[in-house]
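What the coordinates show
One letter stands for each residue in the lines below.
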Amino acid sequence: MSSLLSRYATPLTTGLFLVSLVSGIAVFFHVGTAAFHGMHEWLSMALIAPFLLHMWKNWRPFLAYFKRLPMTLALGLSLVAGLVFAWPSLSGNAGAGGNPTLAIVSIIAAGTPTEVAPLLKKSETEVVAALKAGGFTAADAATPLSEIATASGKNTMALMATLAALKAK
């Protein structure tokens, strides 16, 4: 490996790991999520290249870890921890541990303007009028909100934003 790559593999790995660490903590605690989410995803992907360079540079010392129990235990525990988090999706039981906000949006989107109007403290006529004013041309009191969004050529989240704006009035 060239001395340039050798000189920068570990510092780049360290720098990008620190960015990933800070942004991951921010995303976990929902602090500045809009700013940190994309940063965390993309710079964590960029971390792969210096990590591979670091591994290449330190291959022999790295292999020595496999002669001792701690590496086997750490890899085994990491695999088990990953499976614990992935299991609900892999087994088809993801609904129980999914994002509760998205679950509520799905429940509301299955409702009609007539059913949702009381939540907004508005009449069904006001809800339908607000949806039509927001570009949801297929809005009527008896059609589920998700169907209104689809028939109007828009997505459900845009419809929810329209309803949220109506609630704010």
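Moving on to the nonpolar core. With 18 residues, the main nonpolar core has Val127, Leu131, Leu145, Ile148, Leu159, Met160 and Leu163 as its most contacted residues. Secondary-structure elements contributing two or more residues to this core are helix H6 (100–109), helix H7 (113–120), helix H8 (124–133), helix H9 (145–151) and helix H10 (156–168). Each residue touching leucine 163, except ones within four places of it in the same chain, is listed here: Val116, Leu120, Val127, Leu131 and Leu145.

Where helix H1 (residues 3–28) contacts helix H2 (residues 33–46), the two axes come as close as 9 Å, and the packing angle between them is 150 degrees. Compared by their axis directions, H1 and H2 come out roughly antiparallel. Crossing of H1 over H2 shows left-handed handedness. Contact with H1, carried on its side by Leu16, Val19, Ser20, Ser23, Gly24, Ala26 and Val27, involves Phe36, His37, Met39, His40, Leu43, Ser44 and Ala46 of H2 and no other residues of that element. Looking at side-chain class alone, the contact of H1 with H2 contains 8 nonpolar, 6 polar and no charged residues.

Scored by pLDDT, the chain comes out at a mean of 89, with 95% of its residues at no less than 70. Highest mean pLDDT in the chain belongs to H9 (95); lowest belongs to H6 (86).

Before going further, it helps to examine the packing of aromatic side chains. The relation between two aromatic rings is expressed through the spacing of the ring centres and the mutual angle of the planes. Enumeration over the complete set of coordinates arrives at 3 aromatic pairs. Taking the centre distance of 5.7 Å and the plane angle of 40 degrees together, the rings of tryptophan 59 and phenylalanine 62 count as tilted. With tryptophan 59 and phenylalanine 62 both in helix H4 (residues 59–65), this residue pair falls 3 residues apart, about one helical turn. Ring geometry for phenylalanine 62 versus phenylalanine 66: centroids 5.3 Å apart, planes at 85 degrees, classification edge-to-face.

Criteria and cut-off values
Residues numbered from 1 in each chain as written. Predicted model: local features only at pLDDT ≥ 70, side-chain atom pairs only at ≥ 80, totals over all residues. Heavy atoms only, no water. Core = buried A, V, L, I, M, F, W, Y, C linked by side-chain atoms within 4.5 Å. Buried < 20%, exposed > 50% of the residue type's maximum accessible area, 1.4 Å probe, protein only. Helix = DSSP H or I, 4+ residues; strand = E, 2+ residues; numbered from the N terminus. Contact = heavy atoms within 4.5 Å. Axes fitted to C-alpha atoms, helices over the stretch in contact; angles between N-to-C directions. Parallel < 35°, antiparallel > 145°, perpendicular 65-115°, else oblique. Left-handed = near helix turned anticlockwise from the far one by under 90°. Nonpolar A, V, L, I, M, F, W, Y, C, P; charged D, E, K, R; others polar. pLDDT = per-residue confidence, 0-100. Phe/Tyr/Trp six-rings, centres within 6.5 Å; stacked < 30°, edge-to-face > 60°.

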